[in-house]
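# Fold and geometry: a report
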Amino acid sequence: MGCVQSFREICDRQKNTNVRLSLPAVCFVWQTAMIILFGVFIRYNEESDTHWVEHRKANNISSDIENDFYFRYPSFQDVHVMIFVGFGFLMTFLKRYSFGAVGFNFLIAAFGLQWALLMQGWFHSLDYTDGKIKIGVENLINADFCVAGCLIAYGAVLGKVSPVQLMVMTLFGVTLFAVEEYIILNLIHARDAGGSMVIHTFGGYYGLSISWMLYRPNLDQSSRLQGSCYHSDVFAMIGTLFLWMFWPSFNSAITDHGDGQHRAAINTYLALASTVLTTVAISSLFQKHGKLDMVHIQNSTLAGGVAVGTAAEFMLMPYGSLIVGFCCGIISTLGYIYLTPFMEKHLKIQDTCGIHNLHAMPGVIGGIVGAITAAAATESVYGREGLVNTFDFEGAFKDMVPTRQGGHQAAGLCVAICFGIGGGILVGCILRLPIWGDAADDNCFDDESYWELPEDEESVPPILQYNNHMRNKDVEDSNFTMEAVRT
Amino acid sequence: MGCVQSFREICDRQKNTNVRLSLPAVCFVWQTAMIILFGVFIRYNEESDTHWVEHRKANNISSDIENDFYFRYPSFQDVHVMIFVGFGFLMTFLKRYSFGAVGFNFLIAAFGLQWALLMQGWFHSLDYTDGKIKIGVENLINADFCVAGCLIAYGAVLGKVSPVQLMVMTLFGVTLFAVEEYIILNLIHARDAGGSMVIHTFGGYYGLSISWMLYRPNLDQSSRLQGSCYHSDVFAMIGTLFLWMFWPSFNSAITDHGDGQHRAAINTYLALASTVLTTVAISSLFQKHGKLDMVHIQNSTLAGGVAVGTAAEFMLMPYGSLIVGFCCGIISTLGYIYLTPFMEKHLKIQDTCGIHNLHAMPGVIGGIVGAITAAAATESVYGREGLVNTFDFEGAFKDMVPTRQGGHQAAGLCVAICFGIGGGILVGCILRLPIWGDAADDNCFDDESYWELPEDEESVPPILQYNNHMRNKDVEDSNFTMEAVRT
Amino acid sequence: MGCVQSFREICDRQKNTNVRLSLPAVCFVWQTAMIILFGVFIRYNEESDTHWVEHRKANNISSDIENDFYFRYPSFQDVHVMIFVGFGFLMTFLKRYSFGAVGFNFLIAAFGLQWALLMQGWFHSLDYTDGKIKIGVENLINADFCVAGCLIAYGAVLGKVSPVQLMVMTLFGVTLFAVEEYIILNLIHARDAGGSMVIHTFGGYYGLSISWMLYRPNLDQSSRLQGSCYHSDVFAMIGTLFLWMFWPSFNSAITDHGDGQHRAAINTYLALASTVLTTVAISSLFQKHGKLDMVHIQNSTLAGGVAVGTAAEFMLMPYGSLIVGFCCGIISTLGYIYLTPFMEKHLKIQDTCGIHNLHAMPGVIGGIVGAITAAAATESVYGREGLVNTFDFEGAFKDMVPTRQGGHQAAGLCVAICFGIGGGILVGCILRLPIWGDAADDNCFDDESYWELPEDEESVPPILQYNNHMRNKDVEDSNFTMEAVRT
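No experiment lies behind these values; they were computed from the predicted model shown. (Residues numbered from 1 in each chain as written. Chains lettered and ligands numbered in written order. Predicted model: local features only at pLDDT ≥ 70, side-chain atom pairs only at ≥ 80, totals over all residues. Heavy atoms only, no water.)

## Side note on the overall build of chain A
Spelled out, the test is: Numbering goes from the N terminus for both helices and strands, where a helix is a DSSP run of H or I of at least four residues and a strand is a run of E of at least two. The globule rule is 2.2 Å times the number of residues to the power 0.38, and the radius of gyration it is compared with is taken over C-alpha atoms. Here the term buried applies to any residue with accessible area under 20% of the maximum for its type, exposed to any over 50%, and partly exposed to those in between, with areas from a 1.4 Å probe on protein chains only. Residue contacts are defined here by distance: any two heavy atoms, one from each residue, within 4.5 Å place the two residues in contact. Values of accessible area rely on a 1.4 Å probe in the Shrake-Rupley scheme; residue burial ignores everything except the protein chains shown. Positive: Lys, Arg. Negative: Asp, Glu. His and the chain ends are not part of the count. Charged side chains are reduced to one point each, which is NZ for Lys, CZ for Arg, CG for Asp and CD for Glu.
Within chain A, the secondary structure is distributed over 19 helices and three strands. Relative to a compact globule of 487 residues, whose C-alpha radius of gyration would be 23 Å, chain A shows 24 Å and is just as compact. On the principal axes, the C-alpha backbone points of chain A span a range of 90 × 55 × 45 Å. For chain A, with 487 residues in total, the buried portion stands at 68%. Within chain A, residue pairs in contact and separated by at least 24 positions form 81% of the contacts whose partners lie at least 6 positions apart. Only carbon and sulfur atoms are counted for the fraction: they give 61% of the accessible area of chain A, which is about 14,900 Å². Each charge sign in chain A was given a centre, from 28 positive and 45 negative side chains, and these centres are 6 Å apart.

## Some points on the interface of chain A and chain C
The parts lose accessible area when they come together, and the size of an interface is often stated as this lost area. Rule in force here: Accessible surface is computed with a 1.4 Å probe, and the buried area is the amount of it that two parts give up when combined, taken over both parts together. A pairing counts as a salt bridge when a side-chain nitrogen of Lys or Arg comes within 4 Å of a carboxyl oxygen of Asp or Glu.
Across the boundary between the two partners, chain A contributes 85 residues, which contact 82 residues of chain C. Carbon and sulfur atoms make up 72% of the area that chain A and chain C hide from each other, which totals about 7,500 Å². By the criterion of area lost to chain C, the three top residues of chain A are A:Tyr44, A:Thr50 and A:Phe106, representing 10% of everything that side buries. On the surface where chain A and chain C come into contact, there are two salt bridges.

## Some words on the side chain of C:His189
Assignment of secondary structure puts C:His189 in the loop between α7 (163-187) and α8 (196-213). Contacts of C:His189, omitting those with residues within four sequence positions, involve C:Ile184, C:Phe391, C:Asp392, C:Phe393, C:Phe397, C:Met400 and C:Gln405.

## A few points about the relation of the copies chain B and chain A
The criterion, for reference: To superpose the copies, least squares is applied to the C-alpha atoms of every residue with a pLDDT of at least 70 in both.
Laying chain B over chain A is done by rotating through 120° and shifting 0.0 Å along the axis; what remains is an RMSD of 0.0 Å. These values place the two chain copies in the arrangement generated by a three-fold rotation axis. When you check the interface residues of chain B against chain A, a mere 13% turn up at the interface there too, and the two sides of the contact use different surfaces.

## Focus: the packing of aromatic side chains
Aromatic ring pairs are defined here through the distance separating the ring centres and the angle between the ring planes. Inclusion rule: The pairing test for Phe, Tyr and Trp rings, Trp by its six-membered ring, is centres within 6.5 Å, and the orientation test on the planes gives stacked under 30 degrees, edge-to-face over 60, and tilted for anything in between.
Within the structure shown, the criterion is met by 87 aromatic pairs over all chains. Between the aromatic rings of A:Phe41 and A:Trp122, the centroid separation amounts to 5.1 Å while the plane-to-plane angle is 90°, which identifies the pairing as edge-to-face. Here A:Phe41, found in helix α2 (residues 22-41), pairs with A:Trp122, found in helix α5 (residues 98-124); they are 81 residues apart in sequence, far enough to count as distant. Judged by relative accessible area, A:Phe41 falls into the partly exposed class, the value being 24%. You can call A:Trp122 partly exposed: its relative accessible area is 25%. Ring geometry for B:Phe84 against B:Phe106: centres 6.0 Å apart, planes inclined by 90°, an arrangement best described as edge-to-face. Here B:Phe106 lies in helix α5 (residues 98-124) and B:Phe84 lies in helix α4 (residues 68-90), a separation of 22 residues in the sequence. When its relative accessible area of 1% is taken as the criterion, B:Phe106 is described as buried.

## Some words on the relation of the copies chain A and chain C
Take chain A, turn it by 120°, move it 0.0 Å along the axis, and it overlays chain C with an RMSD of 0.0 Å. Take the interface residues of chain A: only 12% of them recur as interface residues in chain C, which is what a contact between different surfaces looks like.

## Quick look at the sheet that holds strand β1 (residues 42-44) of chain B
Residues and elements named next belong to chain B. Convention followed: Between any two strands, at least two bridges found by DSSP are needed for them to pair. For helices, the fitted axis covers only the stretch in contact; all axes are lines through C-alpha atoms, and the angles between them, taken along N-to-C directions, range from 0 to 180 degrees.
Read from one edge to the other, the open sheet built from three strands follows the order β1-β3-β2, with strand pairing classed as mixed. Across the chains shown, the open sheet's two edge strands, defined by having one partner strand only, are β1 and β2 (126-127). As paired strands, β2 and strand β3 (residues 132-135) are joined by two bridges and run antiparallel to one another. Looking across to β3, one finds that leucine 126 is bridged to isoleucine 133. With respect to the sheet, helix α2 (residues 22-41) is in contact with β1 and β3, its orientation differing from that of β1 by roughly 55°.

Next up, the structure:
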């Protein structure tokens, strides 16, 4: 062990965070590839194409308002905010990694959504008449969803990887996501409106496995930067709140027009509300003097939205949503208190943002809740047509029955977990190669490595500089010391 | 007086902000109660239920886009942002109470909206055929509105109460709100689209009365924390702007489909714009060297949205909206300059956020403007149908005439004031009990009491620690001092 | 030169930032003028008037959802957020000018949109039957657009002008905008959905010319304040992200119902995504050690949205959007690295926010892209009806052909540039008068001049105060020094 450690130290000493060639290369090459692939494959669909007017008349659609744009666009914008501001700012809680949190989140999301449009397009929107992918607003939403999976994974390795590693992680993550999604939704015919399984379970385990592969035994060397500061915690609350507020749009964005979107929004709204109360309760109960911990408020309050994702479009019933939120607030907060330290100590999984408590666990719960709710569906509650619409018992699946659907839901959950863990280990191996420019153990959680930082009086409190001097100086010549400080 | 003071000091010394049992207890018990009550009473309405398709065909509604979800959802999300980010961040201006501002706002809003769905549901959405409350997106908006009343009240006691007191305040606040709302809108048949009376007047006086009951003579002991710091003022501007931008959605969220929502949005947009200019004018005019005061920019710029709330859906005319905003910017800013200090000094009302200037006064103005506009309504301006639609002269009120409606509006305003003051005094008495874990006078406006704070170099500027040492040390042994600082 | 400098220094010494009379006067007088003009000219249009119901039946419009409000309102709110939070926070990057950035942005936008409703109304929404301007939600969007032009200009003079100068700048800016817009869209019949020409090119050159007229040779005297600090950079990212996320709404807000809005949103979404990657690439490539520069991430990532503004509603094709974004990310970032310093050094144009790289240049590119895309339009791609709808080949222009339309687009671009430069020089002359209360060269970029600032330990790091003392004190009597610091 000792020798391994010393070996690691040698590696670390050799570590070089200069990404001056690798990062521009990756960005240019991949963006160019995107342009070529978009040129070959991607076109507007009939609702975003100038032929819409003719299409409308041909299908005697009475009005432009019937264009899917008006059903989906408001939800799309809310989801978009969750991806860029929500995820981005939620990760700004570290005292010196706010640039990396919001900046790299921005970079990988912008790349990921392009690649997602292609990958998901090939599986879901390919027009076989001309071999083109036809895109509309729903594709944009799905691309954002796909990116969310990778941003969740980023949470586990926040502060420990280089932007180049993140790009690689996103490239593979999106690819795995698209395949996994196709298997779960189309082959297994599981329903997953809010992506409890497809997005959160997959993304969570994907990130945790990568973090496990990239385990850093000496990470405590950067413990000085692993905490938050007062204002960085307030910035993180911006992320928390925009995720919390727009989650109803997230879970209802691609559900059926009409009652489907309506019901999904209500269920999510309620689940999130009850999560907040139980999170506060547990956070206070387990702290000395009952003081609240910002980490719990920033993260566990969102667990209800994750867990209600699959069942949001079902007849979960308002009280059902509250119960789901109630349990997730408790489980998620306890996860932060007990599980995260345990995983770091015994399982060698370093989970910076605690995505296991916010995404992986609640995602699994969401999958189970979805399976049960589906299996329990009855015609008396849903109505004949309602049952068919909600579970899409049509075409190849017109003989499907709720109980069986429950089984398919469970199967979908297993696929998500397998893809997450398997894919994460695979990608983790790739990311271990010493070519990616990640920081040494004692330079983690520091924007210094990848960002030009402003000389910022606030960043290092002057008295500390002062003390550093005092340490090796005799007080007598404090005059010189003062000189030193002034410069 | 002296003895009273010393007595108070004794009480204060005995004050204990430990809420480790009370806070979790309140959260768990009340959330459990919510689940039970929701289980008994709350179901989806016909537009969010799976039977929607059949309902649609039965009522030959041509398209899913006719589902109320598409009329209301974008406004709902805007209102939701106002409640959680708007109110939450508006209160982060205090230098060391940002966690409490945004965190407790989050907690009480999440609880309040559940209780509001029940209380308002019993009054407005009860289906007598099966005794269930049927909810849809409009109920969610109304729940957010109801919560707004309590968050306004929170502004008056910000930094001086415990989270447990806030929960109690919210429980009673929502209850009073629902009753008052029912009396004003249904029994008196006053119109109040943006809630100038129902939300702002009630919430404002409710909070002020509570603050009056909880008067702290020695609050100056925490004056060191009663100010803002540079970044906390910028955070507060996030709240201001999101409230300001989305206020048109707030005032139009539950108005009539079509022209009603359209007109309410326009009127609010204009009123808010002119408020900004007069606020800046007064702020500059009354400061030495004409410097602007952030407190005014953060708060008074919003007064126009409050004051146009009732009349927003009427034919107030664009110039009418501008006039309302013009006056409110002046009155609200003058309120901050003269009234707030006066109230604290002579009326023993300590109003942390100045809600009297931002909500109570403008709310009353809004009620009066509404009454006048309604009384002045004529068929020549509104058109026959327009008049009936706008004022809902139907059913029991089909013989109503505008002049009389004006009287009813005025009556509604009085009810709102009475409920606010009466309810506030009542609840204030309850909150005076020494069991709620509120902080001592010299510990107000400090997150330390209820939050685990990061050890944060920035929070206490190191030189001060340094000085603290110098105070009781002789300069000679500064070597020891330096040791002390370093640790 | 020396004497000029000394002369300037004299002027500067005489400079007085007291706006206690001028600022309130301007606000009151102009707001009163607005009220009068609104009273004379502005009314609700048929969709926001109570007669809507009758209008609906008369034109047998089947449902309220056909009201333009439901086509435009979500986009309007997104644009509104871009104007107030987007532009406002994007400019908060300076370490001590956050109040001025977000506060003055708020002030001039609130005034500008009222004046814009009148100016644009006279040109576009005048009802000749009664001489009134009839407004609806589309007018609100256009007013926000118009204001955007002035806010762009503000970026160039940020920190160097007084609020009074900004009000004057906005008054003239809006006036020039409305005229230029009328010439470009109505007389020349150029199409400009996202305002690459009308908004960004005009606004960019307008601001740059003003900044050129107000050249400050001794601006380096405030160089200490010209940088950012860690948290101010994070605040600026809030502005960046809200601009970036809602830009698809900006470019699609006033395009044709149906496919027009749908396509514009998709094109903008894609252009922005690819801009992010090339911006990161160039930023990293040109920095020592490949570290990223926040200035580029905050600004250049938005260039793609500007450049795709004109062509967004055309059949630009998804890959076309990616190509536009690809180029703009590169050009804009290089602009920050080479052009901005060059312009300051040799052209005497001090561009605080680098609007030339974010708005002017990309705007011109957008105009050219629009001209080319229009000229290349064919019936085979657009379809007969599609071509007519997209380019509005109706009425006086029913014989128009794409190639000729391309020429008109180019002509429009020239008009925008001329108005920007000409107007800017004119207004710059006015703003040079010594009556406006702008700050001296050594007081620029400092909120101190126009804002009551909180005494803020963080603002001036205490050790510096300490050093200032040490400078003129002998270390021996440090006891006294300590006294001095404590107070």
